[in-house]
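Residues per chain, in single letters:
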Amino acid sequence: MNTELLPIHTSDRFDEAVDRAADLLRQGEVVALPTETVYGLAADATNPDAVQAIYRVKGRPITNPLIVHIADSSMLKRCVAEWPEDAERFARSFWPGPLTLVLPKTKEIPDAVTAGLPSVAVRWPAHPLMQAVIRALGRPIAAPSANLANRLSPTFAEHVSAQLTGRIPLIVDGGPANVGIESTVLDLCESPPTVLRPGMIHLESLRSVVPETIPASQSAESSSSDAAKPPKGQKSPGLHHKHYSPTSPMNLMRWADMEDLEQMIRRKDVVPERTCVLCHDQLPDPSRFLRVSVIPHDPEAFARALFAELFVCDRLNPDLIVVETVPSTHTWDGIRNRLERAAMD
Ligand code: TXA
Ligand code: MG
């Protein structure tokens, strides 16, 4: 299959890309579109065959449900069967933006989207291209991140083309993703609201809207005495599994100085010359390593740069990628979650 790559840097190009994407989606095709979090692999959410094609293209297990993207409140009503007060509060505070709300689904959302669950994950994205395509199609769009299953999520069109060229007819290049990691997923099917996947809208921001909001791990612990019910933290399938990984082995480390870092690397039977280091605080001498990437010590800037840096490192085919441990405060929760899952064996 020939994969077209369309830019959107002028208003004419933007309109052309919107028309082309909406046409293909109407025909039941799967296309890659930019969002503010990461690039998405999009299909018409109301077309079960098109949705199934997403799973095929990604190699994603059919047990892992997709996020449905909307761009106005009438479309929202077609997706969710209930809209509690908490949902209204979160939507007012964070939509359009990187927050996904899980709510009971309507019949219009096919089982293929939700992997058979009675709930649906919905998000109103902030990216103008994604919004324009949803409006042009006039239907909600199902889209997971536009990567092959278990690989790095794409924050540049180039990351998408490296993984999906030949598998889809169109990639729209919207430039670098502004947020850089996937949306926060929040379960509103039961009270209190529960974070299923941390993201850049972190627990403190969510609690400023609904103070009772709890993190996934806490709910998993608190419900562990209730044997009949699965822990809530496992409700988002795939949440605790290895994910988002570069193809090279990756480790999280904290070091006092260069010598300390080199020793830790050698203990893994790897030499520093074959190691890429991503750091934000303790910066080692770049001449000793295959590559040293310095990422700003600020969660927003770090999230924006993370996947692109990992992508560049991965291309060098190192024996090891070392990422400096990030702070344990809530503002870093989403980043820490991605790093820990990428570093799993
Ligand atoms: O930022 C994002 O969320 C990006 C962009 C493209 O919007 N999308 C994304 O999709 O990250 P994906 O498929 O990679 O992640 C969807 C997450 C998964 O953790 C999935 O288990 C969860 O949302 N999810 C989807 N539907 C759910 C449901 N009904 N109940 C619980 N979790 C759900
Ligand atoms: Mg993903």
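Residues numbered from 1 in each chain as written. Chains lettered and ligands numbered in written order. Predicted model: local features only at pLDDT ≥ 70, side-chain atom pairs only at ≥ 80, totals over all residues. Heavy atoms only, no water.

K.L.:
Could you clarify how one ought to interpret unusual backbone geometry in this entry?
P.N.:
The omega torsion across Trp-95 and Pro-96 is -10°, close enough to zero to call that bond cis. Inspection of the secondary structure puts Pro-96 in the loop between helix H4 (85-94) and strand E5 (99-104). Residues Ser-191 and Pro-192 are joined by a peptide bond in cis, for which omega reads -5°. Residue position: Pro-192 is located in the loop between strand E9 (184-187) and strand E10 (194-197). The phi dihedral of Ala-115 is positive, around 55°, even though this residue is not glycine. Position of Ala-115 among the secondary structure elements: in the loop between helix H5 (111-114) and strand E6 (119-123). Looking at Ala-115, the relative accessible area reads 26%, which means it is partly exposed. Not every positive phi belongs to a glycine, and Asp-269 is a case in point at roughly 65°. (Helix = DSSP H or I, 4+ residues; strand = E, 2+ residues; numbered from the N terminus. Buried < 20%, exposed > 50% of the residue type's maximum accessible area, 1.4 Å probe, protein only.)

K.L.:
Even after reading the chapter, I still don't get the domain arrangement of the protein, so can you show me in this structure?
P.N.:
By a frequent convention, interface size equals the accessible area lost on bringing the separate parts together. Annotation of the protein at the domain level lists domain 1 (4-235) and domain 2 (250-343). Taken together, the 22 residues of domain 1 in the interface contact 16 residues of domain 2. Across the domain 1 to domain 2 interface the summed buried area is about 1,700 Å²; carbon plus sulfur atoms make up 64%. Connecting domain 1 to domain 2 are 2 salt bridges. Glu-182 serves as the salt-bridge partner of Arg-338, at 2.7 Å between the closest nitrogen and oxygen. Here domain 1 and domain 2 share 5 residue pairs in polar contact (both at pLDDT 80 or more) between them. Listing elements by their share of the side of domain 1 that touches domain 2, those giving two or more residues are helix H7 (157-164) and helix H8 (203-209). Among the elements that line the side of domain 1 that touches domain 2, the one with the most residues is H7, at 3 residues. (Domains from an automatic or database assignment. Contact = heavy atoms within 4.5 Å. Buried area = accessible area lost by both parts, 1.4 Å probe. Salt bridge = Lys/Arg side-chain N within 4 Å of Asp/Glu carboxyl O. Polar contact = N/O pair within 3.5 Å; in protein donor to acceptor, adjacent residues only side chain to side chain.)

K.L.:
How should the pairing of strand E12 (residues 275-279) be read in this particular structure?
P.N.:
For a regular strand, the rule is simple: side chains alternate between the two faces of the sheet. Within E12, 5 of the 5 residues are buried, leaving the element largely enclosed by the surrounding structure. Both faces of E12 are covered, namely the face carrying Thr-275, Val-277 and Cys-279 and the face carrying Cys-276 and Leu-278. Direction of pairing for E12 relative to strand E14 (residues 320-324): parallel, over a ladder of 4 bridges. Looking at E14, one finds that Val-277 is bridged to Val-322. Pairing between E12 and strand E13 (residues 291-294): 4 bridges, direction parallel. The partner of Cys-279 across the bridge, within E13, is Val-294. (Pairing = 2+ DSSP bridges.)

K.L.:
What should I look at first to understand the pattern of salt bridges in this one?
P.N.:
Pairing between side chains becomes possible if they bear opposite charge and their charged atoms approach one another. As enumerated under the stated definition, the model contains 16 salt bridges in all. Asp-111 is paired through a salt bridge with Lys-105; the nearest N and O atoms lie 3.8 Å apart. Residue class for Lys-105 comes out buried when judged on its relative accessible area of 17%. Two residues, Glu-262 and Arg-288, come together in a salt bridge whose shortest N-O distance is 2.7 Å.

K.L.:
I tried to follow the state of the cysteines on my own but got confused; where do I start?
P.N.:
In a disulfide, the sulfur atoms of two cysteines are covalently bonded to one another. Applying the stated criterion to the full structure yields 0 disulfides. Looking at Cys-279, it has no disulfide partner, and the nearest cysteine sulfur is the one in Cys-313, 10 Å off. When its relative accessible area of 1% is taken as the criterion, Cys-279 is described as buried. Of the cysteine sulfurs around Cys-313, a residue in no disulfide, the closest is that of Cys-276, at 4.0 Å. Exposure remark for Cys-313: the relative accessible area of 0% places this residue in the buried category. (Disulfide = S-S within 2.5 Å.)

K.L.:
Could you clarify how one ought to interpret helix H1 (residues 11-26) in this entry?
P.N.:
With 16 residues, H1 should cover 22 Å at 1.5 Å per step; its first-to-last C-alpha distance of 22 Å lies within 8% of that length. Of the residues making up H1, those classed as buried are Phe-14, Ala-17, Val-18, Ala-21, Ala-22, Leu-24 and Leu-25. Along the long axis of H1, the arc covered by the buried residues comes to 165°, so they all point the same way. Summarising the contacts, the buried residues of H1 are in contact with strand E1 (4-7), strand E2 (31-33), strand E3 (40-44), helix H6 (128-137), strand E7 (141-142) and strand E8 (170-173). Phi turns positive, to about 85°, at Gly-28, one or two residues after H1. (Expected span 1.5 Å × (residues − 1). Arc of directions from axis to C-beta.)

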